[in-house]
Structures are given as C-alpha cells and as structure tokens.
There are 2 protein chains.
Amino acid sequence: MNVNLNDIRNFLLEHDNFLILMHQNPDGDTTGSGFGLYYGLKSIGKNARVLCSDDIPDIYKFLNKEYQETDFIEQFVISVDIGSENLFGDGLEKYKGGVDLNIDHHFSNENFAKYNYVDATSASTTQIIYEVLDKMDIDLSIIMGRCLYTGICTDTGCFRYRNTTSKTHMIASKLLELDFDHSEIVYNLMESKSLQKLELEKHIINNMKFYFDGIVGIAYITQDMIEKSGASQYEVDGFSSFVRQIKGVEIGVTIKEKTKTFCKVSIRTSGNYDASMICSMFGGGGHKNAAGCIFNTSVEDALSELLERIKKIIDGV
Amino acid sequence: MNVNLNDIRNFLLEHDNFLILMHQNPDGDTTGSGFGLYYGLKSIGKNARVLCSDDIPDIYKFLNKEYQETDFIEQFVISVDIGSENLFGDGLEKYKGGVDLNIDHHFSNENFAKYNYVDATSASTTQIIYEVLDKMDIDLSIIMGRCLYTGICTDTGCFRYRNTTSKTHMIASKLLELDFDHSEIVYNLMESKSLQKLELEKHIINNMKFYFDGIVGIAYITQDMIEKSGASQYEVDGFSSFVRQIKGVEIGVTIKEKTKTFCKVSIRTSGNYDASMICSMFGGGGHKNAAGCIFNTSVEDALSELLERIKKIIDGV
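Residues numbered from 1 in each chain as written. Chains lettered and ligands numbered in written order. Predicted model: local features only at pLDDT ≥ 70, side-chain atom pairs only at ≥ 80, totals over all residues. Heavy atoms only, no water.

### Examining the overall build of chain A
Scanning chain A from terminus to terminus reveals 11 helices and 11 strands. Its C-alpha radius of gyration of 20 Å places chain A within 12% of the 20 Å reference for a compact globule of 317 residues. In terms of overall dimensions, chain A has a C-alpha envelope of 60 × 40 × 35 Å along the principal axes. Counting only residues that meet the buried cut, chain A has 55% of its 317 residues in that class. Considering only residue pairs separated by 6 or more positions, chain A has 64% of its internal contacts joining residues 24 or more positions apart. For chain A, the accessible surface area stands at approximately 13500 Å², while carbon and sulfur atoms represent 45% of it. Charge-centre separation for chain A: the mean point of 31 positive side chains lies 4 Å from the mean point of 45 negative side chains. (Helix = DSSP H or I, 4+ residues; strand = E, 2+ residues; numbered from the N terminus. Rg over C-alpha atoms; globule rule 2.2 N^0.38 Å. Buried < 20%, exposed > 50% of the residue type's maximum accessible area, 1.4 Å probe, protein only. Contact = heavy atoms within 4.5 Å. Areas by Shrake-Rupley, 256 points an atom, 1.4 Å probe, with all protein chains shown as cover. Lys, Arg positive; Asp, Glu negative; His and termini not counted. Charge placed at Lys NZ, Arg CZ, Asp CG, Glu CD.)

And the structure:
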C-alpha cells in the first residue's frame, strides 16, 4: 500500500531494528539515503544496519566513516532509492518480496514493498529522507547533512538539472546551516579528475561523430581507449552527458563497449527529444532526458541500429 | 559613507532617474545585477537606464530582451558589482567620482561612491539585489528571477564554490518559485560548448605540465592554439579552473598568451595555498582561491618567474 510521511514517521518510531538496503552499483543518492537514514535512526536510539550488494566506492567512503557494524537482528527491511527489486544485486536476493518500506523518487518504481512511498517530484531520495527526519523532529548532525547533500548533488548534477526545484534549494539551505564543507564534497564528487580520465577524454573527443546537421552526437568508449588511457571503471562511467554538451547536439549518444559483442548505451537529450522512448525501442528505459539500453552486438552494429531509429524520429516518421 | 539595506530602500524610493553602471567585460553577475535592478525599479514606476562600457555578450542577451531604451535624463548613478572605478572601462570614464550608490560583494571594493554597500559574505551581487528588491516589497517577475539567478550561478559556479551559503540557496529557492527554466540558463551559461572550444581543450590537455610532485599544474593557451582551434575570445576565457581540477593539483596556473610579449595569468588554488598572495607578488590580486596577474613577457618567461616564486612558497621559504 502507499503511505505518506506521517505513516513513515509512525512506522519508524513504533518499531526498531531496521535493515536499510541500497541498490547495486551504489551512487551518491542511494548511499547518502542509506547512511543518512541510518545516522538519523541511531541518533534517537534505534538499531539499524545498512546493506548493499556491492562495495561502496571510495568517493562515498566519507559518508560511512562514523558507521558502526554492531550485533544486529533485523526485524524490518527498508529500501532506499531502489526502483525495482531487480536492482538489489546478487547479495540481496533473499530480500526480494521481503521489504517492509520502500522509499524512492523514481517515477518507474514498482511498489514492491508492503508500504511504499514514492515521490517522483523529489530531485533525490535524500530529499525525501530529509523530509522524513524533519517529520520525526530529528536534529541533523554534520554527517547526516553530508549524506543528504551528497544525494541531492549527485542526482541534480549539483543543482543543474531540471529536476532541481524550489524545495531542493530550500533543503540545501537548511543543510548548509550545518558546519560542513559542501564545496569539498562537490569537488570530490564532480570536479576532480585524474590524468587518466583526462587522457580518456582526449580519445573520446578525437573519435566523436555527428549526424543530421549536428543534432545527433555520438561518443564511443572502446576497451582499447580505456586500456590506453588507464582510466578506472568508475571514471569511464562519467561520460554520459559529455557529447550532449556540445552546441547544437540535442540527442547525445554514448556507446560503451564492454566486450566485442556487448555494449551499453546512454542517451541524453534536450528539447523535445525523448531519450526514454528511443531506449525503450531496444528494451531499455529511463527518464525523458536521460535513458539507457544495452546491445548484444559490436559498437558499430549498435550505432547503425540506433541511427536508423533516430533518423525516423528526427524525420517525424 | 557606508549604508545599509534600509538606506538603499529609502534612497531608491525617494529618488528617480537612476543610471545603473556595470563593469567592463560584463559577466553574468554585473549584467544580472544591472538588469535585475532595472526591471525592479521599472516595476514600481521609476525611470532607469543600464550602461556598460562594453557590449553585453550574446550569452547574456536573454537578460535584456525586455529592456527599453527611453528618453532619460540621469539624476542618480548606481554601480553594481564594480569593485573599483578602474573597472568602469573607457565608455564610463566620465562617471569616475560621480557614483551615488555603490552596491557590490567584492571584499576589495574601494568604496568610491557617496553611499557604499559592500557585503563580501554575499556569493554574488545579484544576491544583494534580491535583498534590496525584497526590502522594497517588489514582486519579482520572471525576468527579474532570470537576472538574479544568472548572477548567483555565474559567481558560485552553479552552487559549487565555497562562497555558496545557506542564504544563497534560500534565495535560489525563492527564485525557483517563479516560472522560468533554470536548467536552460545553466546549460547555456556553463555546460554548452562549441566544437571549437572542444578542439582548444584538446590542445590544452596535450600541453599541460606538472611540477613539484603534481601539486602545481600549468596550462598554456597560446595564440597559435586559439587560431588552430577557431575558438572565440569568450571561449578562451573559460579555462581558468581547468588545470586545478586534476587530482592532486593544488595550485593551478593558466597562462594566456595575448602577444609575444604580453600574457595574462590566472591562478586557482585549493587547500591553504593563497592565489591572491602569489599574484600580488606580480602586481595582481584577487581572492584566496582565485586570483590573476599580467606579465609583459613571453609565456616561457612568465612561467619561469612564476615557478621560482611558487617553489619558495611550497618550500615554505
């Protein structure tokens, strides 16, 4: 059933021993939501634990340095920022069908829990966690502030994307009343890049292609380019918006070669082009301006299939 | 004399026919402040005009499309975002010594006007203009919102820099209650780049140099690189933070060749390194983490002079 913020407050106040699940390949929003909620619950004397199928990437480690693994027997399971049980990952298989409370901001959320709270107007799930903690009259600590700010920053591109609302800034305003260095978080999350990433960037720029009077821009990232540059897997993931930034490009396609017969495609659009519609033609999905799909083909074949479909969309067929 | 926000409100309400000056080489903050104040004054029936020594760059043109040049005889002169009369530019020479009200956020402001309001805790001058309009109970229009948001965005790197405060986000929250597409402003101001700029970026990456275990990164932009890439002068100016973004670089130096015997240097620092202190050794200045200076030498000679000084700072001499 669907619940509201008051229901969540009551659920959390009346129970104890919460296991908080994050999605696989954890990003700043699921990590910030998981630990933000954990610290909030701990601050009022509740027992909690945070669990993720994958390791937390180093750049988010500052969010869990106050985290304590203690003896714990879970009684209630909460998922944060997880749109579907398919995103639990192998390590969390056993919780499929067993989530009590599902807190998320993805429009496509599958309401898989006993109690579901999905607010798709929220820029991030941490924005919802802020509202939950606020509703519970929990005093925010610095570490909670860092967690919630990190999720907002991750999912809004640091207040740049269209999902940023008046409420997002209002919450950021409250968070910055706490004494932490937001600028350092932004720098570590978004601005800092290694020489290897810069090298990869050079390869990507050198190999970009443009079609249909420059409306469509295509960037490739091949295994060969990754090896030559020495960039890490995490760094490779940061290029989805790169080609769309070029003036005139309204459909930016990034094709990442995983093997010679498997590649991942990210599409970013502006204007009225619908990225999720394009990706859904290939079994993928996402949001209007940001979506993804996969191809069990070579990069070249993925490109020609994509161009064929995109041409029809541009031609209005 | 120094005045407060109430004094400014009274000054504006009690007088009329305001000429608003912006600084030379106008950026988003002086432009947003000038037009933001202009639209605010017009909305309560005052006469005003905005003046700048240089043309407003195309990317800020959306801020003045409702601007009307009408018959106007100036009675009072206001400067916005101008730290010193030296920044008036040739076209505004005649106003030196003649400014009535100076509204600014630069710490180094020279208080050159009859009435001065300098709030160095403000992230942007538009943040102050918001407070002025709010103090005057002026209802914000969409175009005013665009102006004020543009200034904040420009001077905070879209809420990334350390000067962004809780108040900055609170004001952004109020502005986003107005119905304008903030995301498009950000995209046009900061994200969109031409193929020519991308080409220049490639040349810069190829020629970067690192010193002192990578703590110091140097980027050059020569006239030859600019010509080869076809980038515009405006695009050339956007690289000051580029080299500092590389992991490990705490002092990022960008040397722009203007002629064979004249170059402009921008320094961006993190941590405890003081950019303004380094630049002041060469007759320049700025803020702790962002400063500039000029050299009447070749790029090579500027580099060796800079490295010599920076070495002493790193060595703690």
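### Things to note about the environment of Val265 of chain A
Residues and elements named next belong to chain A. With respect to the secondary-structure elements, Val265 resides in strand S9 (residues 262-269). Each C-alpha atom, one on Val265 and one on Tyr130, is 33 Å from the other, the two residues being 135 residues apart in sequence. Those residues in contact with Val265, other than ones at most four positions away along the chain, are Val253, Thr254, Ile255, Ala291, Gly292, Cys293, Phe295 and Leu306.

### What to know about the environment of Val253 of chain B
Residue and element names in this part refer to chain B. By the secondary structure assignment, Val253 is in strand S8 (residues 251-259). Judged by relative accessible area, Val253 falls into the buried class, the value being 0%. Taking the C-alpha atoms as reference points, Val253 and Leu307, separated by 54 residues in sequence, lie 9.9 Å from one another. For Val253, the contacting residues outside a window of four places in its chain are Gly217, Ile218, Ala219, Val243, Val265, Ser266, Ile267, Leu306 and Ile310.

### Considerations on the relation of the copies chain A and chain B
Superposing chain A onto chain B takes a rotation of 180 degrees combined with a translation of 0.1 Å along the rotation axis, leaving an RMSD of 0.1 Å. Given the turn and translation reported, the copies of this chain are related as if by a two-fold rotation axis. Interface overlap between copies is the fraction of interface residues in one copy that are interface residues in the other; for chain A against chain B it reaches 100%, indicating a shared surface. (Least-squares fit on C-alpha atoms with pLDDT ≥ 70 in both.)

### What about the packing of helix H4 (residues 142-156) of chain B against helix H6 (residues 182-191) of chain B?
Residue and element names in this part refer to chain B. Running from amino to carboxyl end, H4 crosses H6 at an angle of 45 degrees, the nearest separation of the two axes being 10 Å. With respect to each other, H4 and H6 are oriented oblique. Where H4 crosses over H6, the two elements pack in a sense that is right-handed. Residues Arg146, Tyr149, Thr150, Cys153 and Thr154 of H4 touch H6, and the partners they reach there are His182, Ile185, Val186, Leu189 and Met190. When the residues that make up the contact of H4 with H6 are grouped by side-chain class, the tally is 6 nonpolar, 3 polar and 1 charged. (Axes fitted to C-alpha atoms, helices over the stretch in contact; angles between N-to-C directions. Parallel < 35°, antiparallel > 145°, perpendicular 65-115°, else oblique. Left-handed = near helix turned anticlockwise from the far one by under 90°. Nonpolar A, V, L, I, M, F, W, Y, C, P; charged D, E, K, R; others polar.)

### Describing the interface of chain A and chain B
Counting residues at the interface gives 42 residues for chain A, matched by 42 residues for chain B. Between chain A and chain B, the buried area comes to about 3700 Å², and carbon and sulfur atoms account for 53% of it. When the buried surface of chain A facing chain B is broken down by residue, Arg160, His169 and Gln245 of chain A rank first, second and third, together holding 19% of it. Our count for the chain A to chain B interface comes out at 2 salt bridges. Asp181 of chain A is the salt-bridge partner of Arg162 of chain B, the closest N and O atoms lying 2.8 Å from each other. Applying the counting rule to chain A against chain B returns 19 residue pairs in polar contact (both at pLDDT 80 or more). Secondary-structure elements contributing two or more residues to the side of chain A that touches chain B are helix H5 (166-175), helix H6 (182-191) and helix H7 (195-207) of chain A. The element that contributes the greatest number of residues to the side of chain A that touches chain B is H6 of chain A, accounting for 7 residues. Residue composition of the side of chain A that touches chain B, grouped by class: 18 nonpolar, 12 polar and 12 charged. (Buried area = accessible area lost by both parts, 1.4 Å probe. Salt bridge = Lys/Arg side-chain N within 4 Å of Asp/Glu carboxyl O. Polar contact = N/O pair within 3.5 Å; in protein donor to acceptor, adjacent residues only side chain to side chain.)

### Focus: the sheet that holds strand S3 (residues 76-80) of chain A
All names here are of chain A. Taken in spatial order, the 5 strands make up an open sheet running S2-S1-S3-S4-S5, and their pairing is parallel. With one partner strand each, in any of the chains shown, strand S2 (48-51) and strand S5 (115-118) form the two edges of the open sheet. Neighbour-to-neighbour, the strand axes of this sheet turn through a mean angle of 15 degrees, independent of strand direction. With 3 bridges joining them, S3 and strand S4 (residues 101-104) adopt parallel strand pairing. Bridge assignment links Ile78 to a residue of S4, and that residue is Leu101. (Pairing = 2+ DSSP bridges.)

### Here we look at the pairing of strand S11 (residues 290-295) of chain B
Residue and element names in this part refer to chain B. Across the two faces of S11 the burial differs, with Ala291, Cys293 and Phe295 buried and Ala290, Gly292 and Ile294 not buried at all. Here strand S9 (residues 262-269) runs beside S11; their pairing, made up of 6 bridges, is antiparallel. If you follow Ile267 over to S11, its bridge partner there is Ala291. Here strand S10 (residues 285-286) pairs with S11 via 2 bridges, running antiparallel. When the sheet's bridge partners are listed, Gly285 is paired in S11 with Gly292. The antiparallel hairpin formed by S10 and S11 contains 3 residues in its connecting segment.

### Describing the nonpolar core
In this structure, Leu12 and Tyr149 of chain A together with Leu12 and Tyr149 of chain B are the most contacted members of the largest nonpolar core, which totals 102 residues. For Tyr149 of chain A, the contacting residues outside a window of four places in its chain are Cys158, Phe159, Leu175, Leu176, Phe180, His182, Ile185 and Val186 of chain A together with Phe159 of chain B. (Core = buried A, V, L, I, M, F, W, Y, C linked by side-chain atoms within 4.5 Å.)

### A few points about the packing of helix H3 (residues 125-135) of chain B against H4 of chain B
Residue and element names in this part refer to chain B. Contact geometry for H3 and H4: axes closest at 8 Å, N-to-C directions at 145 degrees. Between H3 and H4, the residues in contact are Thr126, Ile129, Tyr130 and Leu133 and Met144, Cys147, Leu148, Gly151 and Ile152, respectively. The class makeup of the residues in the contact of H3 with H4 is 7 nonpolar, 2 polar and no charged.

### Concerning the side chain of Thr31 of chain B
Note on placement: Thr31 of chain B falls in helix H2 (residues 28-43). With sequence-adjacent residues up to four places away left out, Thr31 of chain B is seen in contact with Met22, Pro26, Gly36, Ile56, Tyr60 and Leu63 of chain B.

### Focus on helix H1 (residues 5-14) of chain B
Residues and elements named next belong to chain B. All of the buried residues along H1 are Leu5, Ile8, Phe11 and Leu12. Looking down the long axis of H1, one finds its buried residues gathered within 120 degrees of arc, a one-sided arrangement. Summarising the contacts, the buried residues of H1 are in contact with strand S1 (18-21), H2, strand S3 (76-80), strand S4 (101-104), strand S5 (115-118) and H3. Between the side-chain oxygen at the start of H1 and the backbone nitrogen of Asn6 there is a gap of 3.0 Å, and the oxygen is on Asn4. (Arc of directions from axis to C-beta.)

### A look at the pattern of salt bridges
Residue and element names in this part refer to chain B. Applying the stated criterion to the full structure yields 16 salt bridges over all chains. Among the salt bridges present, the one from Glu199 reaches Lys202, with a minimum N-O distance of 3.3 Å. Residue Glu199 and its partner Lys202 are both found in helix H7 (residues 195-207); the two are separated by 3 residues, about one turn of the helix. Owing to a relative accessible area of 16%, Lys202 belongs among the buried residues under this scheme.

Spatial relationships are all this shows, so hold off on functional conclusions.
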